[in-house]
Amino acid sequence: MTSTKDFCVALKEKGFDFYTGVPCSILKGVINYLSEDLDLPYIPATREDEAIGIATGAYLAGKKPVVLMQNSGMGNSIGTLASLVLLYEIPLLLLISWRGFQGRDAPEHILMGKSTLKLLVEIGVPARVLPKEKEKAEETLLEAVKIINERSLPTAIIIKRGVIE
Amino acid sequence: MRRYEAIEEITKELKGDELVISANGKISRELFSIRDSACNFYMLGSMGLASSIGFGLSLSLPYKRVVVLDGDGNLLMNLGSLATIGHFAPSNLLHFLLDNEMHASTGGQRTVSSKVRLEEIARAVGYKTVKKVSSVQELRTVVSEILGSDSEREGPSFVLAKIESGEREVPRVSHEPQFIKKRFLTNLSNFTVT
């Protein structure tokens, strides 16, 4: 398990300096730590696709943005990922919580839980599931950063409940 | 006032270093045809998000003026963006709404902006300067007031320009999306260095 603090500090150290998104209970610790403890800019968006638009603007201004959202909100964002982020190759880090993992969740999360990874792969967004073990989680973050820096592609890290505490 | 005339009027008043985000469809195409520039980011897809992209830019570059050329169909699709902008109120953001009360790019289907007072929403969420114009002369006055060097109007500003229907044949934006992005970024990095 990775601590919220370690994860957030690692994001800051990798140069991510602009955060926006729509909250999820799985990500609440991360969002709170980034904005309150590390005093990094976090813009609460009204929708996930709006957050992606804001992050794209920040990227065009020279920032290194992160978008946080629940996988249900990723459903709202497919068109934006396709016709903005992938079209122009905007290298955003997407932190997406995984509700509905293995079908164990409230009914509204089951179908999207089953489809989250497949949808990302289908449209061409590199995606990694954050491993539970701390060292492996660090490797996953490094891999994502490498894709963002070297290939200028948006990259998703999928976060299950209990992996960051 | 036609949309083409409105965009001409606005771009005429620009000093040249403002960053311009244009909504997808005819707005981007007309801007491209009137004044192509490295400072323009033509949004080709992602309908609704021009104001969000402009907002992210304006927050991150508080010393640069950011101009958004938005349409009523676009804004209505992402009304939440107005609330977010109103809350953070970046003073360097100038948001134009070219309101023809229709989706002109897809064949003129009506939107709801003939009755909905979008300028009142902008005022309610916290835009500092809100204007509504319906002629070229009025637009010229408002644009020079806001962009003019002798005035320091506090933003964010929202200018609703009522547009008549009527299209001019303009070509599609012929640049590749990645070229638009790279040119924009390179221009900005040159600006930051000098």
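In this text the structure is predicted, and so the values were computed from the model without any measurement.

## Quick word on the overall build of chain A
Stage number 1. Looking only at helices and strands, one finds 6 helices and 6 strands in chain A.
Stage number 2. Each helix and strand of chain A, ordered N terminal to C terminal, gives the series α-β-α-β-α-β-α-β-α-β-α-β.
Stage number 3. The C-alpha atoms of chain A give a radius of gyration of 14 Å, which matches the 15 Å a tight globule of 165 residues would have.
Stage number 4. Dimensions along the principal axes, computed over C-alpha positions, put chain A at roughly 40 × 35 × 30 Å.
Stage number 5. Every one of the 165 residues in chain A was classed for burial, and the buried ones make up 47%.

## Overview of the environment of B:Ser33
Residues and elements named next belong to chain B.
Stage number 1. You can see Ser33 is positioned in helix α2 (residues 26-34).
Stage number 2. Classification of Ser33 by C-beta neighbours within 10 Å gives partly exposed; the count is 16.
Stage number 3. Through-space distance from the C-alpha of Ser33 to that of Ser165 is 18 Å; in sequence the pair is 132 residues apart.
Stage number 4. Ignoring sequence-local partners within four residues, the contact set of Ser33 consists of Val170 and Pro171.

## A few points about the interface of chain A and chain B
Stage number 1. Counting residues at the interface gives 22 residues for chain A, matched by 24 residues for chain B.
Stage number 2. When residues of the side of chain A that touches chain B are assigned to their parent elements, the largest contribution, 9 residues, is made by helix α3 (residues 48-60) of chain A.
Stage number 3. Tallied by class, the residues present in the side of chain A that touches chain B amount to 10 nonpolar, 7 polar and 5 charged.

## Quick notes on the confidence of the model for chain B
Stage number 1. Averaged over every residue, the pLDDT of chain B is 94; residues scoring 70 or more account for 95%.
Stage number 2. Of the two predicted TM-score estimates for the complex, the pTM is 0.97 and the ipTM is 0.97.

## Re α3(A)
Residues separated by three or four positions in an α-helix point in the same direction, a consequence of the helix having 3.6 residues per turn.
Residues and elements named next belong to chain A.
Stage number 1. For α3, with 13 residues, the first-to-last C-alpha span of 18 Å sits near the 18 Å given by 1.5 Å per residue.
Stage number 2. Counting buried residues along α3, 13 of its 13 residues qualify, which places the element largely inside the surrounding structure.
Stage number 3. Two residues or fewer past α3, Gly62 is found with a positive phi of approximately 100 degrees.

## A short note on the pairing of strand β6 (residues 155-159) of chain A
Residues and elements named next belong to chain A.
Stage number 1. Within β6, 5 of the 5 residues are buried, leaving the element largely enclosed by the surrounding structure.
Stage number 2. Across the two faces of β6 the burial is the same, with Thr155, Ile157 and Ile159 and Ala156 and Ile158 all buried.
Stage number 3. As judged from the 3 bridges shared by strand β5 (residues 127-129) and β6, these two strands associate in the parallel manner. Each bridged residue has a counterpart across the sheet, and for Arg128 the counterpart in β6 is Ile157.
Stage number 4. Handedness of the β5-helix α6 (residues 134-151)-β6 crossover: right-handed.

## Overview of the sheet that holds strand β3 (residues 65-70) of chain A
Pairing between sheet strands relies on hydrogen bonds along the backbone, with the strands arranged either parallel or antiparallel.
Residues and elements named next belong to chain A.
Stage number 1. Across the sheet, which stays open at both edges, the 6 strands sit in the order β2-β1-β3-β4-β6-β5 with parallel pairing between neighbours. Unpaired on one side and paired on the other, β2 (42-44) and β5 mark the two borders of the sheet. Between one strand axis and the next, the sheet turns by 20 degrees as a mean value, whatever way the strands run.
Stage number 2. Sheet strands in contact with helix α2 (residues 28-37) are β1 (18-21), β2 and β3, and its direction is about 125 degrees off that of β2.

## Here's the deal with the nonpolar core
Stage number 1. Counting residues in hydrophobic clusters, the biggest one holds 104 residues, and the most contacted among them are A:Ile159, B:Leu69, B:Phe96 and B:Ala161.
Stage number 2. No other element matches α3(A), which puts 7 residues into this core.
Stage number 3. Ignoring anything within four residues of it in the chain, the contact list for B:Phe96 reads B:Ile10, B:Val67, B:Val68, B:Leu69, B:Asp70, B:Val159 and B:Ala161.

## So, unusual backbone geometry
Stage number 1. Omega for the bond connecting B:Gly155 with B:Pro156 falls within 30 degrees of zero, at 5 degrees, which places this linkage in the cis form.
Stage number 2. Of note, B:Pro156 is situated in the loop between α7 (136-147) and β8 (157-162).
Stage number 3. Within the chain, A:Asp39 stands out as a residue other than glycine whose phi angle is a positive 55 degrees.
Stage number 4. Locating A:Asp39 in the fold gives a position in the loop between α2 and β2.
Stage number 5. What makes A:Asp39 exposed here is the crowd of 9 C-beta atoms within 10 Å.
Stage number 6. Positive phi values are uncommon outside glycine, yet A:Gln102 reaches one of about 55 degrees.

## Some words on the packing of helix α1 (residues 4-13) of chain A against α2(A)
Residue and element names in this part refer to chain A.
Stage number 1. With their axes 9 Å apart at the nearest point, α1 and α2 run at an angle of 55 degrees to one another. By the angle between their axes, α1 is oblique relative to α2. Along this stretch, α1 crosses α2, giving a crossing that reads as right-handed. Of the residues in α2, those touching α1 at Thr4, Lys5, Phe7 and Cys8 are Gly29, Val30, Tyr33 and Leu34.
Stage number 2. For the contact of α1 with α2, the per-class residue count stands at 5 nonpolar, 2 polar and 1 charged.

Definitions and limits used
- Residues numbered from 1 in each chain as written.
- Chains lettered and ligands numbered in written order.
- Predicted model: local features only at pLDDT ≥ 70, side-chain atom pairs only at ≥ 80, totals over all residues.
- Helix = DSSP H or I, 4+ residues; strand = E, 2+ residues; numbered from the N terminus.
- Rg over C-alpha atoms; globule rule 2.2 N^0.38 Å.
- Buried ≥ 20, exposed ≤ 12 C-beta atoms within 10 Å, placed from the backbone.
- Contact = placed C-beta atoms within 7 Å.
- Nonpolar A, V, L, I, M, F, W, Y, C, P; charged D, E, K, R; others polar.
- pLDDT = per-residue confidence, 0-100.
- Expected span 1.5 Å × (residues − 1).
- Pairing = 2+ DSSP bridges.
- Right-handed = clockwise from strand over helix to strand, strands pointing away.
- Axes fitted to C-alpha atoms, helices over the stretch in contact; angles between N-to-C directions.
- Core = buried A, V, L, I, M, F, W, Y, C linked by C-beta atoms within 7 Å.
- Parallel < 35°, antiparallel > 145°, perpendicular 65-115°, else oblique.
- Left-handed = near helix turned anticlockwise from the far one by under 90°.

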